[in-house]
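What follows is the residue order along each chain.
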Amino acid sequence: MTLKLNEKFIRDFVSSEEIQNMQPMVNTAHRMLVERTSPGSDFLGWMDLPVAYDRAEFAAIKEAAKKIQKSCDIFIVIGIGGSYLGARAVIEFLKSPLYNNLAKDTPQIYFSGNSISSSAMEELLALCEGKDVCINVISKSGTTTEPAVAFRIFRNLLEQKYGAEGARERIFVTTDRARGTLKNFADQAGFETFVVPDDVGGRFSVLTAVGLLPIAVSGADIDALMQGAAEARAAYTDPSLEKNICYRYAALRNILYRKGKTTEILAGYEPYELMLCEWWKQLYGESEGKDNRGIFPASVIFSTDLHSLGQYIQDGLRNIFETVLSVKDSGSHVEIPEDPANIDGLNFLSGKTISYVNDTAMLGTLFAHNDGGVPNLVLELADRSAHSLGHLLYFFELGCALSGNLLGVNPFNQPGVEAYKKNMFALLGKAGYEAQKAELEARMQ
């Protein structure tokens, strides 16, 4: 199987009766998703996306990726939140966190427009000096401050370097199908465009052009990625908690939440899982954190973070549970050599692989954290392939949607995110925000 749910390290914390008692609520939450009656049901397009995607656009994404691979040394992906986290997570998981150092037949890929850092922008511009550059700006509206500022800067760079005509061939826009500032500008300028579907929110958009174009540019297999997601979609249609591990995951985390476990830590044991954890944190944090409720999503990469956060997880406040992501076959098998002098006293590891030691560290940590009062769920992913990752992405998306319904919140809106934007626009002096600016300035006195 592509993905398994190991519950050995949660048995002391959740009873089978508690799981059975969740079944009626899960049935209702499932029905709300299937019948499109859940809060935010206008944004459920991702559910059928693995089998109902636009084949013509998918082919166009592959062609654009080939064009970008041939024409540039550096590919800049401009977007924030779901407009970049999914693509970066997939590229680093499938390729490497060191992708830009190891890339040979594909361009280096950098992400911009996800902060308002002058130093980060200056450094990225320096990397582009003397290089051929293409950009992909991703924004539904085109007016979100962080990516809009980055797009201005890199569009100006390309136009100065290649002229308006040359720049046109190097700018790719992923935006609304028919309306919005960015869509109108892209059509007028003649940029090649791709679609952010109306019924797919940003944090659920990794399997749309939002994620697929940068992923394809990296050389990853987007066909296999979609096939893995389609496999997951077919696997998790039965709401029975005895059969559906995705729904079981959502139910277990809600049971723990009701027991006071208000923080979930996603724990990986490989550096290539770091950005996947960041994608997961946005998916669950933005979906569940509202109406003064929700499980707080955090993440760690072990064994690195065992030497920093390990003490807190072991002996700190008992409001946490862990979900451990274990990749059974990472595809790497480096052996530890023999040392005749045995200076470090580790010759008992000679001939063993680093992966074996890592797996043993995981098992030892699971026992230790369990003994320390921390429930642990273990997700066992078959391997590091595009197919397996596609399955996992859909698993997390579906689990998030069901969990939001179990919590009684709308998993598909983000009212809190809009609040900071309005305040920032007001303080920066954007037209139409004069009254709010005066109020905020008065509060600063």
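Our subject is the structure that appears above.
Scoring rules and cut-offs
Numbers given for residues are sequential positions, taken from 1 along each chain in its written order. Residues qualify for local features only when their pLDDT is at least 70, as the model is predicted, and side-chain atom pairs are given and counted only at 80 or more; totals for whole chains, interfaces and linings, by contrast, use all residues. Values shown for side chains rest on all heavy atoms present in the structure; no hydrogens or waters enter the calculation. Any Lys or Arg side-chain nitrogen located within 4 Å of an Asp or Glu carboxyl oxygen qualifies as a salt bridge. Put simply, DSSP marks the helices as runs of H or I at least four residues long and the strands as runs of E at least two long, and each gets a number from the N terminus on. Relative accessibility under 20% of the residue-type maximum defines a buried residue, over 50% an exposed one, and the middle range a partly exposed one, all with a 1.4 Å probe and only protein chains included. Here, a strand pair is defined by DSSP locating no fewer than two bridges between the strands. Working convention: axes come from line fits to C-alpha atoms, limited for helices to the stretch in contact. Angles between N-to-C directions cover 0 to 180 degrees. Should any heavy atoms of two residues lie within 4.5 Å, those residues are considered in contact. Each pair of aromatic rings taken from Phe, Tyr and Trp, with Trp reduced to its six-membered ring, is defined by centres within 6.5 Å and is described as stacked if the planes are under 30 degrees apart, edge-to-face if over 60, and tilted in the remaining cases. The criterion for a charge sitting over a ring is simple: Lys NZ or Arg CZ within 6 Å of the ring centre, and within 35 degrees of the ring normal.

**Re the pattern of salt bridges**
Within the structure shown, the criterion is met by 20 salt bridges. A salt bridge links Asp 48 to Arg 233, with the shortest nitrogen-to-oxygen separation between them at 3.0 Å. Taken together, the residues span a long stretch of sequence, with Asp 48 in the loop between helix H1 (16-34) and helix H2 (49-52) and Arg 233 in helix H10 (residues 222-235) at a distance of 185 residues. Between Glu 441 and Lys 437 there is a salt bridge, with its nearest N and O atoms 4.0 Å apart.

**Points about the pairing of strand E2 (residues 74-78)**
Among the five residues that make up E2, five are buried, leaving the element largely enclosed by the rest of the structure. Here E2 shows a buried face lined by Ile 74, Ile 76 and Ile 78 and a second buried face lined by Phe 75 and Val 77. When E2 meets strand E3 (residues 108-112), the two strands line up parallel, connected through five bridges. Looking at E3, one finds that Phe 75 is bridged to Ile 109. Bridging between E2 and strand E4 (residues 133-138) involves five bridges; their strand directions are parallel. Following the sheet pairing, Ile 78 is matched in E4 by Val 137.

**Quick word on the sheet that holds strand E8 (residues 296-301)**
Within the open sheet, the five strands sit side by side as E1-E10-E9-E7-E8. Their pairing is mixed. What marks the edges here is a single partner per strand, and that holds for strand E1 (3-6) and E8. In this sheet, adjacent strand axes meet at a mean angle of 20° when their direction is disregarded. Across seven bridges, the pairing between strand E9 (residues 320-329) and strand E10 (residues 376-383) is parallel. When the bridges of E10 are listed, Val 327 appears paired with Leu 381. Strands in contact with helix H11 (residues 245-258) are E1, strand E7 (263-268), E9 and E10; relative to E1, the strand with the most contacts, it is inclined by about 30°.

**A word on the packing of aromatic side chains**
Tallying each qualifying case throughout the model produces 20 aromatic pairs. Ring centres 5.9 Å apart and planes at 50° place the aromatic pair Tyr 84 and Phe 111 in the tilted group. Residue Tyr 84 is found in the loop between E2 and helix H4 (85-94), and its partner Phe 111 is found in strand E3; the two are separated by 27 residues along the sequence. Of the two residues, Tyr 84 and Phe 111, neither departs from the other in class, the shared state being buried. For the ring pair Phe 395 and Phe 396, a centre distance of 5.7 Å and an interplane angle of 70° mean the geometry is edge-to-face. The pair formed by Phe 395 and Phe 396 is uniform in burial state, with each residue classed as buried. An aromatic cluster is present here, built from Tyr 236, Tyr 249, Trp 279, Trp 280, Tyr 284, Phe 395 and Phe 396 joined pairwise through their rings. Seen from the ring of Phe 151, Arg 155 lies directly overhead, with NZ or CZ sitting 4.9 Å from the centre. One residue, Arg 170, lies across the ring of Tyr 162, its end atom 4.2 Å from the ring centre.

Any functional reading would require information beyond the geometric quantities listed.
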